[in-house]
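Read off the chains here:
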Amino acid sequence: MKNHSLFTTRELVLDALLSALLFVSQVSLSWLPNVELVSLLLILYTLVFRKHVWLILYVFVILEGLVYGFGLWWFSYLYVWPILPAAVFLIYKNNTPKPFGISLLSGIFGMLFGFFCAGFYLITGGPGAALTWWAAGIPYDIAHGTGNFFLSLILFQPLYRLLTSLKRGQSHQ
Amino acid sequence: MNRFKRLSPFLGGCAAIAVLALLLVVYTLTKPVPMAGTKSISIDVEYENGVNEHYQITTEAQFLLEALKSIPNFQIEGTTTEEFGLMVTTINGKRADYQKDGAYWALLCDGETCNYGVSQQAIKDGERYTFQYTLPSEELKK
């Protein structure tokens, strides 16, 4: 009998595990302002697990809302985080990922995170509120981008190798 | 195509530098500029039950929170974040519980919503600051 489901049970379990890993990485580094592994993990998940990243990402976003509350910031997460996998799909359609390029992408995303989130404040509070909100957080956006750049530069290669070998092992089972 | 691939790290680096420069320019142009010297300002607190309190002060402070702290019997409390400073929850014992009913203390500068929070709002001579107990239903009426 042919299986018509979008994902197999094995894939769903793996996606749940990867979402949990994403969430745990966020919580465990939350004491460091704007230093996070979520961006790097999302890039890796997109490169290795392709379309599964959407399910993993939205489970993560819902978990964030359940734990921290569904505030205004949460609604911006619905469209801000997906920008990163979308950029990876676009840039790395035919290209092989290199640590420096990935680090730049992650760094630029970190620096523009506040700008992307301000889009939601544009709708709710108008251009003045959005600009003020964005500008007030710029030093933190720069720290975010710098952190993303260096974390990706150090961790991308080993994590990419690890995840690709896990993926290979999974597909051979 | 190969030439483009060789150039892509350079182009990526240029993009990162351009974004960083843009952020620095926006931050420099929009950061609040405090005014030096003595300023005379008024502060109003509008409570939920319609009761208002008025304070008139003269201060050397540059930001609103510093000025408020100098007023005897004026109590302001909240949670502090590095990014936005004090997020006001309680004024003179009256708490706005956002988790419970969406209430919050709105900060107005001369009747318009201030662009900054109480810690980052630079004060100007002659300006009137209002703390308004606001419920979501009242917000819709504005």
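Chain B is annotated in an unreviewed UniProt entry as Transcobalamin-like C-terminal domain-containing protein of Lacrimispora celerecrescens.

Per an unreviewed UniProt entry, chain A carries the name Energy-coupling factor transport system substrate-specific component and comes from Lacrimispora celerecrescens.

A. Spotlight on the overall build of chain A. Counting secondary structure elements, chain A contains eight helices and zero strands. Mapped from its N terminus to its C terminus, chain A presents α and β elements in the order α-α-α-α-α-α-α-α. The C-alpha atoms of chain A give a radius of gyration of 17 Å, which matches the 16 Å a tight globule of 173 residues would have. Each of the three principal axes of chain A carries a C-alpha extent, and together these read 60 × 35 × 30 Å. When the 173 residues of chain A are sorted by exposure, 38% land in the buried category. Nonlocal contacts in chain A, meaning residues at least 24 apart in sequence, comprise 75% of its contacts between residues at least 6 apart.

B. Broad picture of the environment of A:Val61. All names here are of chain A. Here Val61 lies in helix α3 (residues 52–68). Val61 sits 13 residues away from Trp74 along the chain, and the two C-alpha atoms are 7.7 Å apart. Ignoring any residue separated from it by four or fewer positions in sequence, one finds Val61 in contact with Tyr77, Leu78 and Trp81.

C. Structural context of the packing of helix α2 (residues 38–49) of chain A against helix α6 (residues 99–125) of chain A. Residues and elements named next belong to chain A. In the contact formed by α2 and α6, the axes pass within 10 Å of each other and the chain directions differ by 130 degrees. Looking at the two axes, α2 sits oblique to α6. Relative to α6, α2 is oriented so that their crossing is right-handed. Here α2 contributes Ser39, Leu40 and Ile43 to the contact with α6, which in turn contributes Ile102, Leu105, Ser106, Phe109 and Gly110. Partitioned by chemical class, the residues of the contact of α2 with α6 number five nonpolar, three polar and no charged.

D. How the structure looks around the UniProt feature "domain: Transcobalamin-like C-terminal" (unreviewed entry) in chain B. Per the UniProt record, "domain: Transcobalamin-like C-terminal" (unreviewed entry) is found at residues 64–134 of chain B. A helix fraction of 14% and a strand fraction of 42% characterise residues 64–134 of chain B, whose end C-alpha atoms lie 20 Å from each other.

E. Quick look at the UniProt feature "transmembrane region" (unreviewed entry) in chain A. All names here are of chain A. Mapped onto this structure's residue numbering, the UniProt feature "transmembrane region" (unreviewed entry) falls at residues 52–80, 100–122 and 142–163. The straight-line gap between the two end C-alpha atoms of residues 52–80 is 18 Å; of that span, 90% is helix and 0% is strand. Annotation note: span residues 142–163, helix share 100%, strand share 0%, distance between end C-alpha atoms 29 Å.

F. Seen up close, the sheet that holds strand β3 (residues 76–81) of chain B. Residues and elements named next belong to chain B. Judged by pairing direction, the sheet is antiparallel, and its three strands sit side by side in the order β3-β4-β5 without closing on themselves. Lying at the two open borders of the sheet, with one neighbouring strand each, are β3 and β5 (94–95). Summarising the sheet, β3 and strand β4 (residues 85–91) pair through six bridges and their orientation is antiparallel. If you follow Thr80 over to β4, its bridge partner there is Leu86.

G. A look at the domain arrangement of chain B. Along its sequence, chain B is organised into domain 1 (1–30) and domain 2 (39–141). Using C-alpha coordinates to define each centre, domain 1 of chain B is positioned 40 Å away from domain 2 of chain B.

H. Local environment of helix α4 (residues 72–80) of chain A. All names here are of chain A. All of the buried residues along α4 are Ser76, Tyr77 and Val80. All buried residues of α4 project into a common sector of 115 degrees when viewed along the axis, lining one side. If you follow the buried residues of α4, they end up packed against α3, α5 (83–91) and α6.

I. Focus on the nonpolar core. One finds A:Leu42, A:Ile43 and A:Tyr45 to be the most contacted residues of the largest nonpolar core, which totals 44 residues. Considering every element that reaches this core, the biggest residue donor is α6(A), with 12 residues. When residues no more than four places from it in sequence are discounted, the contact partners of A:Tyr45 are A:Leu18, A:Val53 and A:Ile56. If you look at the next biggest cluster of nonpolar residues, it comprises 14 residues, including B:Ala67, B:Ile91, B:Tyr129 and B:Tyr133.

About the criteria used
- Residues numbered from 1 in each chain as written.
- Chains lettered and ligands numbered in written order.
- Predicted model: local features only at pLDDT ≥ 70, side-chain atom pairs only at ≥ 80, totals over all residues.
- Helix = DSSP H or I, 4+ residues; strand = E, 2+ residues; numbered from the N terminus.
- Rg over C-alpha atoms; globule rule 2.2 N^0.38 Å.
- Buried ≥ 20, exposed ≤ 12 C-beta atoms within 10 Å, placed from the backbone.
- Contact = placed C-beta atoms within 7 Å.
- Axes fitted to C-alpha atoms, helices over the stretch in contact; angles between N-to-C directions.
- Parallel < 35°, antiparallel > 145°, perpendicular 65-115°, else oblique.
- Left-handed = near helix turned anticlockwise from the far one by under 90°.
- Nonpolar A, V, L, I, M, F, W, Y, C, P; charged D, E, K, R; others polar.
- UniProt positions renumbered as here; feature names shortened; annotations may be inferred.
- Pairing = 2+ DSSP bridges.
- Domains from an automatic or database assignment.
- Arc of directions from axis to C-beta.
- Core = buried A, V, L, I, M, F, W, Y, C linked by C-beta atoms within 7 Å.

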